[in-house]
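Next come the chains, spelled out residue by residue.
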Amino acid sequence: MGSAPPWTFNRLETPYLEDPYPLYARARREAPVFHSPEFGLWFVTRYHDVWAVLKDTARFSSRFLMRTPADASPAVSETLQEAYPELPMLVNDDPPGHTRTRNLVSRAFAPRLVAALEPSIRTIVTRLVDGFADDGGADLIAELAYPVPIEIICTLIGLPAESRDQLKRWTDDLVTLGAPGTDDERRLACARGSVAFQRYLTAQIEARRDAPRDDLLTALINARADGDRPLDVAELVNLLIVLIFAGHETTTNLIGNLLVLLLARPEILRAIRDDPTLTEDVIAEGLRMDTPVQGMFRTTTEEVTLGGARIPAGAQVMVLFGSANRDEAVFSDPDRFDPGRGNNHRHLGFGHGIHACLGASLARLETRIILDTVAERLPNPKLDPGRPPTYAPSLMHRGPQGLHMVWS
Ligand code: HEM
């Protein structure tokens, strides 16, 4: 059995749903590693402890399989038999499987492919901003922060941009399929959607084999490591799903969180308009102050003592990046937004270690172009006072669901 007094973690209730940071600060002081009976999870809140967990992949496993729900009806199970066998997704895998896949993906995910996207990102952002700049107000999540990342991940992989709405529906199907409490009729629809998603990706892979292109999908198909076989179709489908998942909501949330921070600090928005070289530090500080991926899961492979607590073997653990990034032991005056603080790039917003985010440079590039364009094109932007941002009840992701802005 583990030891640590249980700690009441009402993170998804008001006021902590809107602002979890005072709750995290109290946990760092009172119970830096604690067990929450409500969530059935152990939470790790201090920077150095989070770092230690991320580095200790032997005792803190990332392994997790998306399985057919145990109570699924025969129709759902039968439908899912047409799907690829259950494989651990890159982010949910441990060495040595993770090392092999990551090595192949890193070869394909070349900085050249990301840098080459800059003109496409500018074109999309300009087209979208042209559509609403004269209206004096808009929901910048719906109009900009949501469509740009999903369209760009399609462009990077080499999928047609028109498929983005369909991809969104399919990724929602995958989430709903595994969610507790989904009724059987809905599950069956989601199972069919998930199979259709995999078939669509398989067709895209086959098309590239016949006619290679200059895109990430072709590069993934061709990726080779010494003495190793290439990725097979099931592995490729799996990877594409991870990239589509990882590549959009997270970036949408980063842009949303940064806009909320900057609308409250118009002098910083003006400063980046006058000197766009400041934007990188502003983005790093945004990732630190209001982290889009607030936490990730690990499972202990043996009993571990950490931060004064004894975590039992087989326990589900969440490392709270959102809390680590406000740890006063690393960031002085942590609740102050200060792009010039010098060490903001030490944030753990993209994780750290073997699972560190593969798409970090792409996410930063998209965010930079959007912030620069907003600073340049929308004069005196403000939050619409009648419609404050709202946040979905999630332990993992954080970002405004809508961002109604007005400008003059
Ligand atoms: C992993 C955050 C954008 C692809 C991660 C992890 C974090 C993260 C925290 C580590 C997960 C862990 O330790 O378990 C973010 C944030 C983003 C972002 C905050 C946007 C602001 C992207 C984009 C892509 C991407 C645009 C792809 C184009 C991935 C992949 C992994 C990953 C493939 C798994 C890597 C591995 O397990 O080896 N990301 N991400 N991410 N991210 Fe991102």
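Residues numbered from 1 in each chain as written. Predicted model: local features only at pLDDT ≥ 70, side-chain atom pairs only at ≥ 80, totals over all residues.

Within the chain, the regular secondary structure consists of 16 helices and 10 strands. Its C-alpha atoms give the chain principal-axis dimensions of roughly 55 × 55 × 45 Å. In the chain, which comprises 408 residues, the proportion classed as buried is 38%. A sequence separation of at least 24 residues applies to 73% of the contacts in the chain between residues at least 6 apart. (Helix = DSSP H or I, 4+ residues; strand = E, 2+ residues; numbered from the N terminus. Buried ≥ 20, exposed ≤ 12 C-beta atoms within 10 Å, placed from the backbone. Contact = placed C-beta atoms within 7 Å.)

Time to look at the packing of helix α6 (residues 118–132) against helix α8 (residues 147–157). The description of two packed helices rests on the angle between their axes and on the distance between the axes. Taken N-terminus to C-terminus, the directions of α6 and α8 make an angle of 145 degrees; their axes are 10 Å apart at the nearest point. The interaxial crossing formed by α6 with α8 has right-handed handedness. Across the interface between the two elements, Ser 120, Ile 121, Ile 124, Val 125 and Leu 128 of α6 pack against Pro 147, Val 148, Glu 151, Ile 152 and Thr 155 of α8. Tallied by class, residues from the contact of α6 with α8 come to seven nonpolar, two polar and one charged. (Axes fitted to C-alpha atoms, helices over the stretch in contact; angles between N-to-C directions. Left-handed = near helix turned anticlockwise from the far one by under 90°. Nonpolar A, V, L, I, M, F, W, Y, C, P; charged D, E, K, R; others polar.)

As a further point, take the site of the ligand. In the region of the ligand, 24 residues are neighbours, and Gly 247, Thr 250, Gly 351, Cys 357 and Gly 359 sit closest. Residue assignment for the shell around the ligand shows that the elements contributing at least two residues are α12 (233–263) and α16 (360–377). Considering every element that reaches the shell around the ligand, the biggest residue donor is α12, with seven residues. Tallied by class, residues from the shell around the ligand come to 15 nonpolar, eight polar and one charged. (Near = placed C-beta within 6 Å.)

Quick look at α12 now. For α12, with 31 residues, the first-to-last C-alpha span of 45 Å sits near the 45 Å given by 1.5 Å per residue. Buried residues dominate α12, accounting for 22 of its 31 residues. (Expected span 1.5 Å × (residues − 1).)

Quick look at the sheet that holds strand β3 (residues 60–61) now. The strand order across the open sheet built from five strands is β1-β2-β8-β5-β3, with neighbouring strands paired in mixed fashion. With one partner strand each, in any of the chains shown, β1 (33–36) and β3 form the two edges of the open sheet. As judged from the five bridges shared by strand β5 (residues 295–300) and strand β8 (residues 316–320), these two strands associate in the antiparallel manner. Looking at the pairing, Met 296 lines up with Val 319 of β8. (Pairing = 2+ DSSP bridges.)

Before going further, it helps to spend a moment on the sheet that holds strand β10 (residues 404–406). The strand order across the open sheet formed by three strands is β4-β10-β9, and the pairing between neighbours is antiparallel. Single-partner strands in this sheet number two, and they are β4 (137–139) and β9 (382–383). Of the pairings in the sheet, the one linking β9 to β10 comprises two bridges and is antiparallel in character. Its bridge partner being in β10, Lys 382 is matched across the sheet by Val 406.

Further remarks concern the pairing of β8. Regular strands place side chains that alternate from one sheet face to the opposite one. By the criterion of burial, β8 is predominantly enclosed, with four of the five residues buried. Note that strand β2 (residues 41–44) and β8 share three bridges and pair parallel. Across the sheet, Trp 42 pairs through a bridge with Val 317, a residue of β8.

Attention now moves to the confidence of the model for the chain. For the chain, per-residue confidence averages 93 on the pLDDT scale, and 99% of positions sit at 70 or higher. Confidence estimates for the predicted assembly give a pTM of 0.95 and an ipTM of 0.98. (pLDDT = per-residue confidence, 0-100.)

In this section: the pairing of β5. Pairing geometry for β3 and β5, over two bridges, is antiparallel. Counterpart to Ser 61 in the pairing with β5 is Thr 299.

We now examine α16. Between its first and last C-alpha, α16 extends 26 Å over 18 residues, near the 26 Å set by a 1.5 Å rise per residue. Those residues of α16 not exposed but buried are Leu 362, Ala 363, Glu 366, Thr 367, Ile 369, Ile 370, Leu 371, Val 374 and Ala 375.

Following both chains from N to C, one finds helix α10 (residues 184–210) and α12 inclined at 115 degrees, their axes separated by 10 Å at the closest point. Between α10 and α12, the crossing angle belongs to the class labelled roughly perpendicular. For the crossing formed where α10 meets α12, the hand is right-handed. The segment α10 lies against α12, with Gln 198, Leu 201, Thr 202 and Ile 205 engaging Val 233, Leu 236, Val 237 and Leu 240. Residue composition of the contact of α10 with α12, grouped by class: six nonpolar, two polar and no charged. (Parallel < 35°, antiparallel > 145°, perpendicular 65-115°, else oblique.)

Attention now moves to the nonpolar core. Core analysis: the biggest nonpolar cluster contains 61 residues, and Leu 140, Val 148, Ile 153, Ile 157, Leu 220, Leu 240 and Ile 370 have the highest contact counts within it. Of all the elements, α12 adds the most residues to this core, at 12 residues. Not counting residues up to four positions away in its chain, the partners in contact with Leu 240 are Ile 157 and Leu 201. Tyr 24, Phe 60, Val 293 and Leu 348 belong to the second largest nonpolar core, which has 27 residues in total. (Core = buried A, V, L, I, M, F, W, Y, C linked by C-beta atoms within 7 Å.)

Keep in mind that most residues, glycine aside, have a negative phi and that most peptide bonds are trans. Geometrically, the link from Thr 14 to Pro 15 is a cis peptide bond, its omega value of 5 degrees lying close to zero. On the secondary structure map, Pro 15 appears in the segment before α1 (21–30). Cis rather than trans, the peptide bond between Pro 95 and Pro 96 has omega equal to 5 degrees. Relative to the helices and strands, Pro 96 resides in the loop between α3 (74–80) and α4 (97–108). At Asn 380, a residue that is not glycine, the phi angle is positive and equals roughly 45 degrees. Within the fold, Asn 380 resides in the loop between α16 and β9.

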